[in-house]
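# Tertiary structure, described
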Amino acid sequence: MKTILQVNQLTGGYSTGKPVLHDVNFDVKAGEMVGLIGLNGAGKSTTMKHILGLMQPHKGDVTLQGKTLAEAPEVYRGSLAFVPETPMLYEELTVKEHLELAAMAYGVEKKDYEERVEHLLTLFQMNDKYNTFSMHLSKGMKQKVMIMSAFLVHPPLYMIDEPFLGLDPLGIRNLLDFMVELKSRGASILLSSHILSTIENYCDRFIVLHHGRVIAQGTLEELRQQHRHLGDASLENIFYQLVKGGA
Amino acid sequence: MNLQSLWRRRKSAFWQEVFPYFRYVGQSGFLLFLGFLFIGGAAGYVGFLGRIPADFPIRTVSLIVLLPFVLWSSFRTFLQPADLVYLLRVEPRMKEYFRKSIGYSVKPKLILLSIVYGILWLLYFRADQDPKPFLLLWGVLLALNIMNSYGSWQERRMSRPGARWSYRLTRCLISIVLLAVWLWQPTWKAVIFSLIVIITYVVALRVPRKHAVPWELLIATERDQRGRFMIFLNWFVDVPSIPQKVYKRTWLNGLGKWIRFQQDSAYEYLYLKTLLRSDVLGMVLRLTALGMLILYWVRSSNWALPLYAFMLLIIGTQLTAIRRFHRYSFWASIYPIPYHFRKKAVVKVARRTHLALAVFLWLPFLLTSGAWPMVFAALVGGIAFVYFFQWAWSQKKWMEHEDDEDL
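Our subject in this report is the structure included herewith. (Residues numbered from 1 in each chain as written. Chains lettered and ligands numbered in written order. Predicted model: local features only at pLDDT ≥ 70, side-chain atom pairs only at ≥ 80, totals over all residues. Heavy atoms only, no water.)

## Remarks on the side chain of Arg10(B)
To keep things clear, this is the line we draw: Each helix is a run of H or I in the DSSP string that is no shorter than four residues. Each strand is a run of E no shorter than two, and both are numbered from the N terminus. Polar contacts, as counted here, are pairs of nitrogen or oxygen atoms within 3.5 Å of one another; within protein the pair requires one atom able to donate a hydrogen and one able to accept it, and residues that are adjacent in sequence qualify only if both atoms are side-chain atoms. Here a residue-residue contact requires only that any non-hydrogen atoms of the pair lie within 4.5 Å.
Take Arg10(B): it is sitting in helix H1 (residues 3–27). Within the structure, the side chain of Arg10(B) is placed 2.8 Å from the side chain of Asp83(B), a separation counted as a polar contact. For Arg10(B), the residues in contact, after removing those within four places along its chain, are Tyr90(A), Phe78(B), Leu79(B), Gln80(B), Asp83(B), Leu87(B) and Tyr97(B).

Right, dumping it as structure tokens:
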């Protein structure tokens, strides 16, 4: 399977003297959904910022489709769509305008846009909000706009930070189903979430970050192998054992 | 996606938003005040031109007057938090956007620098023994400001905060030295020295690692600049939202300790802590420092007392902004504390701060020789002024009821 994202010996953070991440190593392959899990402050958001190129590594590098941001900014930026933890929208734009803007920024053809938007609006039950200004949306709806903006553009990699916050149960279910559909079409997803019971059944692999280091990674089965004494433990139990041991 | 037109749309949206407020700036008498200041200043300046003392330190004065305008190199980018999601894809093309932004930000500074230089020139060519040609020095000043803008933009792109700060400091030092060299040294020496320094500086700017677009920093800076603009407008009229910048100022943390740990003091605690970390405190402290400096100079003249009162008035007016903190706070309507306690707390915090600053402002009077009764009368007068000001303010109608619009 082709590697889409490669995080290589990444040490990073805002200040050189106090790195938040230490030698972080992992990859995401085409058609894979990978869960990035860890306690608050473990370094998940910092890892995502490094992948987004908002921070520069002190050591190591991040490549998307084999290229770093500096080597091929167009390829890099075009390969990635991002859903932030907190919705970030323009108050002066409607839902429709946000979606159009995302499509324009990523160079989506008008015809493709129209097809995709129709599907997404129905899926996330946002048809009647299409012309609503973002400031009049509830938090969950704002989150849906963020998700739809990312899903419109069909990049090779989706990076999604805590996507379930504020979503109603139906929204969560539809989001998960849609991610499975994207995966089956070959897209890769890097997902960070605290709702371990939910992502347990959806992610192909997990990366456990603790104090800025990767303390375990692999499929659920591989993680179970490392903690045999727990038997057929859930992801949550394994995670608890891991961070308790590493704390 | 046309990034240049996006920039233009954002610029005009910003001006459309703030333009209506300028009516209130005009009505407030501020422009009239500026006009009087200008006429008075011009008259004094022209008078001074006729009787410049022989030993007038024109080069030092020119350095002090010109330096802030040479260094001034902020940028308005009109970036918004959502750009992190929607514009990240077009990052490789963002140069188009920032070209507009840089032009828009640099031009007014060059014009202002030119005006200040034009006014100063009248004094400079009379007072200096060996003045530089007008056009030459003008060109040098513009070049120095452009160098500062270029350096400042490159600093923003640097990924390490340490590098940003050290380059910023270096830029300030270089500007002081270059300006001084042009004022004090012969032209040929100044040309050679400037070329060596500027070329070295520009080469050195290439060393640190940089972001193509420092998104997070630019978004935060834009928010602060917008906030400062809104605070300025807020002196004249109620603006709907003032994004507050928080300054940690940990050295002032001890000041909250004297507030008693009891329900009645909750708002006082909240407002004091907020004030200590707000822009407003920075502003009144700067005004106090400026006032102390001026009062030190004029402490023995007839101007001292009116100036003392004037500074207290300005500081008091600034402090009234405290009432806007937490205006729409949800918690304030939840706390089991009577509503009017809030106004009392605001006035108390403002009054105490005002009193403390009145004492600081008065300190230069202690350096006058003799006339001790007058010196202490000034302090008593200052304190009385503060009490009267705060009492008059507390009598005005604001924060009367929970559903008040507070205008």
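## Describing the environment of Lys144(A)
Residues and elements named next belong to chain A. Test applied: Residue exposure (1.4 Å probe, protein chains only): buried if accessible area is under 20% of the type maximum, exposed if over 50%, otherwise partly exposed.
Here Lys-144 lies in helix H5 (residues 139–151). On the accessibility criterion, Lys-144 (6% relative accessible area) is buried. Put simply, Lys-144 and Leu-175 are 31 residues apart on the chain and 9.1 Å apart in space, counted from C-alpha to C-alpha. Residues in contact with Lys-144, not counting those within four places in the same chain, are Phe-124, Met-126, Leu-167 and Asp-168.

## Some details on H5(A)
Threshold: Working rule for helices: expected span equals 1.5 Å times residues minus one.
Given a rise of 1.5 Å per residue, 13 residues ought to cover 18 Å, and the 18 Å separating the end C-alpha atoms of H5(A) matches this to within 8%. Most of H5(A) is tucked away, with 10 of its 13 residues classed as buried. Within H5(A) the residues assigned to the buried category are Gly140(A), Gln143(A), Lys144(A), Val145(A), Met146(A), Ile147(A), Met148(A), Ser149(A), Ala150(A) and Phe151(A). Buried residues along H5(A) sit against strand S5 (80–83), helix H3 (95–105), helix H4 (110–123), strand S6 (157–161) and helix H6 (169–184) of chain A together with helix H4 (83–86) of chain B.

## Comments concerning the interface of chain B and chain A
The line we're drawing: In short, buried area is how much 1.4 Å probe accessible area vanishes from two parts on joining, totalled over both. Note on definitions: salt bridges are taken to be side-chain nitrogens of Lys or Arg within 4 Å of carboxyl oxygens of Asp or Glu.
On the side of chain A, 30 residues touch chain B, which itself brings 24 residues to the contact. Where chain B abuts chain A, roughly 2400 Å² becomes buried across the two surfaces, and 57% of that area is made up of carbon and sulfur atoms. Inspection of the region where chain B meets chain A yields 3 salt bridges. Close ionic contact of Arg77(A) with Glu91(B) constitutes a salt bridge, the shortest N to O distance being 3.0 Å.

## Looking at the packing of helix H3 (residues 58–71) of chain B against helix H6 (residues 134–157) of chain B
Two quantities define a packed helix pair, namely the angle between the axes and the distance from one axis to the other. Residues and elements named next belong to chain B. To keep it simple, the criterion reads: Lines fitted to C-alpha atoms define the axes, with helix axes restricted to the stretch in contact, and inter-axis angles between N-to-C directions lie between 0 and 180 degrees. Throughout, the term roughly parallel applies to angles under 35 degrees, roughly antiparallel to angles over 145, roughly perpendicular to angles from 65 to 115, and oblique to all others. Nonpolar residues are Ala, Val, Leu, Ile, Met, Phe, Trp, Tyr, Cys and Pro. Charged residues are Asp, Glu, Lys and Arg, and all others, Gly as well, are polar.
Running from N to C, H3 and H6 point in directions that differ by 45°, and their axes come no closer than 8 Å. Of the possible angle classes, the one that applies to H3 and H6 is oblique. Judged by residue contacts, Leu-66, Phe-69, Val-70 and Leu-71 of H3 engage Leu-141, Leu-144, Asn-145 and Asn-148 from H6. Partitioned by chemical class, the residues of the contact of H3 with H6 number 6 nonpolar, 2 polar and no charged.

## Section: the nonpolar core
The following threshold applies: We define the nonpolar core as a collection of buried residues of types Ala, Val, Leu, Ile, Met, Phe, Trp, Tyr and Cys that are connected through side-chain atoms lying within 4.5 Å of one another.
In this structure, Leu5(A), Phe151(A), Tyr86(B) and Met94(B) are the most contacted members of the largest nonpolar core, which totals 117 residues. By residue number, the principal contributor to this core is H1(B), which donates 7 residues. Contacts of Tyr86(B), omitting those with residues within four sequence positions, involve Met88(A), Leu89(A), Tyr90(A), His98(A), Leu101(A), Ala102(A), Ala105(A), Val145(A), Met146(A) and Ser149(A).

## Section: the sheet that holds strand S7 (residues 188–192) of chain A
Residues and elements named next belong to chain A. To be explicit about the condition: Two strands form a pair only when DSSP identifies at least two bridges running between them.
Judged by pairing direction, the sheet is mixed, and its 6 strands sit side by side in the order S5-S6-S7-S3-S8-S9 without closing on themselves. Edge positions in the sheet fall to S5 and strand S9 (213–218), since each of these pairs with one other strand and no more. Neighbour-to-neighbour, the strand axes of this sheet turn through a mean angle of 15°, independent of strand direction. Two elements, strand S3 (residues 33–37) and S7, share 4 bridges in a ladder whose sense is parallel. Within S7, the residue paired with Met-33 across the bridge is Ile-189. Against the sheet, helix H1 (residues 44–52) contacts S3, S5, S6, S7 and strand S8 (205–210), and its axis sits at roughly 150° relative to S6.

## Considering the packing of H3(A) against H5(A)
Residues and elements named next belong to chain A. Heads up, the condition is: Whether a crossing is left-handed or right-handed is set by the direction in which the near helix is turned from the far one by less than a right angle, anticlockwise for left-handed and clockwise for right-handed.
At a minimum axis distance of 9 Å, the contact between H3 and H5 shows a crossing angle of 30°. The orientation of H3 with respect to H5, classified from their angle, is roughly parallel. Where H3 crosses over H5, the handedness of that crossing is right-handed. When H3 is examined against H5, the residues Val-95, His-98, Leu-99 and Ala-102 are found in contact with a partner set consisting of Val-145, Met-148 and Ser-149. Looking at the contact of H3 with H5 residue by residue, the class counts come to 5 nonpolar, 2 polar and no charged.

## Thoughts on the pattern of salt bridges
All names here are of chain A. Following the criterion strictly, the structure yields 22 salt bridges over all chains and no others. Its salt-bridge partner being Arg-173, residue Asp-177 comes within 3.9 Å of it at the nearest N-O pair. Of this pair, Asp-177 and Arg-173 both sit in helix H6, 4 residues apart, which is roughly one turn of the helix. Look at the salt bridges and you will find they share partners, linking Asp-27, Lys-29, Glu-32 and Arg-205 into a network.

## Comments concerning unusual backbone geometry
In this model, Asp23(A) sits at a positive phi of 45°, which is unusual for a non-glycine residue. In this fold, Asp23(A) is placed in strand S2 (residues 21–29). Of note in the backbone geometry, Arg249(B) takes a positive phi value of approximately 40° without being a glycine. Its location among the elements puts Arg249(B) in the loop between helix H9 (215–234) and helix H10 (266–276). The exposure class of Arg249(B) is buried, given its relative accessible area of 15%.

## Considering the pairing of S8(A)
Within a regular strand, the side chains alternate between the two sheet faces. Residue and element names in this part refer to chain A. Most of S8 sits inside the fold, with 6 of its 6 residues counted as buried. Residues Arg-205, Ile-207 and Leu-209 line one face of S8 and the alternating positions Phe-206, Val-208 and His-210 line the opposite face, and both faces are buried. In this sheet, S8 lies alongside S3 in parallel orientation, the contact comprising 4 bridges. Of the residues in S8, the one forming a bridge with Gly-35 is Phe-206. One ladder, built from 5 bridges, connects S8 with S9; its direction is antiparallel. Note that in S9 the partner of Ile-207 across the bridge is Gln-217.

## Quick word on the layout of surface pockets
The following threshold applies: In this analysis the probe radius is 1.4 Å and the grid spacing 1 Å, with only protein atoms considered; a cavity is a set of points the probe fits into but cannot get out of, a pocket is an open set with protein on both sides within 12 Å along at least five of seven lines, and lining residues have an atom within 4 Å of a point. Grid points are joined across faces, edges and corners, and a volume is the space filled by probe spheres set on the points.
Its volume calculated, the second largest pocket comes out at about 1300 Å³. Around the second largest pocket, the lining comprises 36 residues; the ones closest to its centre are Leu89(A), Tyr90(A), Glu91(A), Glu92(A) and Gln80(B). By residue number, the principal contributor to the lining of the second largest pocket is H1(B), which donates 7 residues. Its residues assigned to classes, the lining of the second largest pocket comprises 19 nonpolar, 5 polar and 12 charged.

## Description of a nonpolar patch on the surface
Note the threshold: Note on patches: the residues involved have over 30% relative accessible area and no salt bridge, like charges join within 9 Å, and the nonpolar side chains Val, Leu, Ile, Met, Phe, Trp and Tyr join within 5 Å. For every accessible area listed, the method is Shrake-Rupley and the probe measures 1.4 Å; residues are considered covered only by the protein chains on display.
The grouping of Trp188(B), Val191(B), Ile192(B), Leu195(B), Ile196(B), Ile199(B) and Val203(B) at the surface amounts to a nonpolar patch, some 710 Å² of accessible area in total. With a relative accessible area of 56%, Trp188(B) lands in the exposed category.

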